[in-house]
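# Residue-level structural notes
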Amino acid sequence: MRLSRPDETGRFGDFGGAFAPETLMPALRELEAAFVDAWADTGFHADLDHLLSTFVGRPTPVYHAERMSERLGLDLWLKREDLAHTGAHKINNTVAQGLLTKRMGKPRVIAETGAGQHGVATATACALLGLECVVYMGEKDIERQALNVYRMRLLGAEVIPVTSGAGTLKDAVSAALRDWVASVEQTHYIIGSVVGPHPFPWMVREFQKIIGEELKQQLDGSSGLPTPEVIVAPVGGGSNAMGVFYPYAGDPDVDLVGVEAAGLGISSGKHGASLGHGSPGVIHGAMTYMLQDDFGQVLEAHSISAGLDYPGVGPEHSYFKDEQLVRYESVTDDEAVEAFHLLCRTEGIIPALESSHALAWIIREAASLHGKTVVLNLSGRGDKDVQQIAAMYD
Amino acid sequence: MTESGQQRLAELFAGVKAEGRAALLPYLTAGIPTPEQSVELFVAMAEAGADGFEVGIPYADPLMDGPVIMRAGEQALRNGVTVDVALRVAQQVVERTAKPVLVMTYVNPVLRIGIDRFFEKVASAGVSGVIIADLPVDEALPYLVAAKQAQVGIALFVAPTTDRTRLVSVVESNPSFVYAVAEIGVTGERSANSANTRALASRIRALSDVPIVFGVGISTPEHAAHAAADGDGVIVGTAIVRRVLEAQSHEEAKAALTLAVSELAVAVRRSR
Ligand SMILES: Cc1ncc(COP(=O)(O)O)c(C=O)c1O
């Protein structure tokens, strides 16, 4: 069953909640109250809708990928989040949380970023709204997503390298949370996915569900257009997937498939498949499927894609998994890179490596998807990954 | 076991109260630099005048900790310090010093073991109480129940940001003591006295006479004396851990902690 909102402790079934240092708890409650108030306010919606249409470029188109369709023997449509301003779905959330930050009267914003897309989207919203912006980014990700680091700096954000752990997304989230514990009175944390303590997973889902709501109108079965039979999205923290899935969750006519990173292969232990191959625990303030050892220590994830290189996942996905509302699969680094190239050459679209994972699953399953109407949530564009791909062939 | 952890904690706070002072409770990550040597360091701190201890169970993603305690945790994890190893360190500290010992951890390792089973393990190690850094009162019920069942003490947190409604629910949950966060921020050394301890203590005191232990940012004897004036206990963490990480040898670490703790012990005695 799809829950319109979590219960008062922030639970989706067994998952979610708020496991955070007490110092943060009042801010989380304040945020929840501010969000509930704003979300019921037509003025807030008017401001947000205006920015989404004039600044972000929504609605994003749905594109019929005819050459890929022919090649794969199915009917493939792309929900073009790559065409949103800054090049990914992340901006839907950051513009909304930016407006909320202003509404709460906080002058400073912090964020974490993996692929750099959320960092760029946050820096953009902060430049737009006149907010101070600090972005935490793991040092490994700073290396592999150098373009986005420079974009953030152009936009006036300070990028702070995180050297703890593996220097990836998990460490960046932790560093942002530690900053927030110290700065909470003047600072809002714009978290980048449907993760973290309540109310973040719920709030970010509400800000991202516009993807699926638009898709419902765009492919509604009228005027010769189909309705989706299968919707496929990559899952890192899970925000683009939740955004496109949520309006369809529980619809018996639509199969929802989330694709996680299998990295170097599940059996190698170097992957990011928290839902497929993790177990329930508490990470970054929420009860959810996660990668952990026998002693409850968080494990490092691995993926070629910085946005999927995360050992946790949004708690509502954990709920969807256990309720069997969504199927979660995984593809390897190599499969994703192959899909990346295929989309470039077949459709003239350079996809993000994150999005390439979802496409790779469609390619692998083409036979079983034969003749079906399949929507790929093309969560972002791949400009940020070009350098990394180029380096593979040096 | 003749005495429960809860009783030992109650005696600790009653004892220092009778002396008109606060308890000095140094923190050290278990297994730093090795399990055996960390036990020796706790023993040295007992001899230097500590009243009890907080033994840190290392965790890979400690959201409440600054860089020094994080680094200590990473080092301990690399040395194979699991919850069981950390509890063995705590048990040896209890046996060697006869002082009350608290363990500090995060939610996930407790969940992995099972809440009830974790508290049973804690009790059978002779540990007096548990501090869980990412457990707010809202999520604490099963932990409070398990602690009571195992007759082990448990802390709940109050921070300078905690509003009255939350403070009331903390107090009404009957923790063995309140861990009052002296600074808005993660663990780490600060240059000045806490500006929050007096106000925090009077807000808590207005509702309850539950023991108040201050922690976070208390780094020097002066800070300790300042916080001790309004509390029943003072935790000094980073300033201790840093000395151990910086020491070139076990002897040097022991000497540094002996000196630091004896100064802190004087400070908590001259605070009122
Ligand atoms: C283009 C793109 N897709 C997907 C993701 C993964 O995040 P999420 O699962 O929250 O959508 C990212 C994260 O950086 C991204 O940049």
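Right above here is the structure, for reference.
### Some remarks on the overall build of chain B
A count of helical and extended segments in chain B gives 12 helices and 8 strands. In terms of overall dimensions, chain B has C-alpha extents of about 50 × 40 × 35 Å along its principal axes. A sequence separation of at least 24 residues applies to 74% of the contacts in chain B between residues at least 6 apart. Within the structure as shown, chain B displays about 10000 Å² of accessible surface, and the carbon and sulfur contribution to it stands at 50%. Side-chain charges of chain B comprise 24 positive and 30 negative groups, with the mean position of each set lying 2 Å from the other.

### So, the site of the ligand
Residues and elements named next belong to chain A. Near the ligand you find 16 residues, and of these S193, G238, S239, N240 and S379 are the closest. One nitrogen or oxygen atom from the main chain of G237 is found 3.2 Å from an oxygen atom belonging to the ligand. Taken together, the residues of the shell around the ligand break down into 3 nonpolar, 11 polar and 2 charged. In this structure, the shell around the ligand is formed jointly by two domains, domain 1 (19-51 + 90-205) and domain 2 (58-88 + 209-392), each of which donates at least three residues.

### Examining the environment of B:K254
All names here are of chain B. When you line up the elements, K254 lands in helix α12 (residues 250-269). Take K254: its relative accessible area is 27%, and that puts it in the partly exposed class. Considering only alpha carbons, one finds K254 and S38, 216 residues apart in sequence, at a separation of 9.6 Å.

### Side note on the interface of chain A and chain B
Where interface size is quoted, it is often the accessible area lost as the parts come together. Counting residues at the interface gives 35 residues for chain A, matched by 34 residues for chain B. Where chain A abuts chain B, roughly 2900 Å² becomes buried across the two surfaces, and 56% of that area is made up of carbon and sulfur atoms. Of all residues in chain A, the largest losses of buried area upon contact with chain B belong to A:E22, A:R178 and A:Q297, amounting jointly to 25% of the total for that side. Applying the counting rule to chain A against chain B returns 3 salt bridges. A salt bridge links B:E139 to A:R11, with the nearest nitrogen and oxygen atoms 2.7 Å apart. Across the contact surface, chain A and chain B share 19 residue pairs in polar contact (both at pLDDT 80 or more). Contributions of two or more residues to the side of chain A that touches chain B are made by α1 (25-39), α8 (169-183), β11 (279-283) and β12 (286-290) of chain A. Considering every element that reaches the side of chain A that touches chain B, the biggest residue donor is α8(A), with 6 residues. Grouping the amino acids of the side of chain A that touches chain B by side-chain chemistry returns 15 nonpolar, 12 polar and 8 charged.

### Details of the sheet that holds strand β6 (residues 132-138) of chain A
All names here are of chain A. Taken together, 4 strands build an open sheet; the order of strands is β7-β6-β5-β8 and the sheet is parallel. Each edge of the open sheet carries a strand with a single partner, namely β7 (158-162) and β8 (187-189). Sheet twist, expressed as the mean angle between neighbouring strand axes with direction ignored, is 25 degrees. In the sheet, strand β5 (residues 108-113) pairs with β6 via 6 bridges, with the strands oriented parallel.

Conventions we followed
Residues numbered from 1 in each chain as written. Chains lettered and ligands numbered in written order. Predicted model: local features only at pLDDT ≥ 70, side-chain atom pairs only at ≥ 80, totals over all residues. Heavy atoms only, no water. Helix = DSSP H or I, 4+ residues; strand = E, 2+ residues; numbered from the N terminus. Contact = heavy atoms within 4.5 Å. Areas by Shrake-Rupley, 256 points an atom, 1.4 Å probe, with all protein chains shown as cover. Lys, Arg positive; Asp, Glu negative; His and termini not counted. Charge placed at Lys NZ, Arg CZ, Asp CG, Glu CD. Near = heavy atom within 4 Å. Polar contact = N/O pair within 3.5 Å; in protein donor to acceptor, adjacent residues only side chain to side chain. Nonpolar A, V, L, I, M, F, W, Y, C, P; charged D, E, K, R; others polar. Domains from an automatic or database assignment. Buried < 20%, exposed > 50% of the residue type's maximum accessible area, 1.4 Å probe, protein only. Buried area = accessible area lost by both parts, 1.4 Å probe. Salt bridge = Lys/Arg side-chain N within 4 Å of Asp/Glu carboxyl O. Pairing = 2+ DSSP bridges. Axes fitted to C-alpha atoms, helices over the stretch in contact; angles between N-to-C directions.

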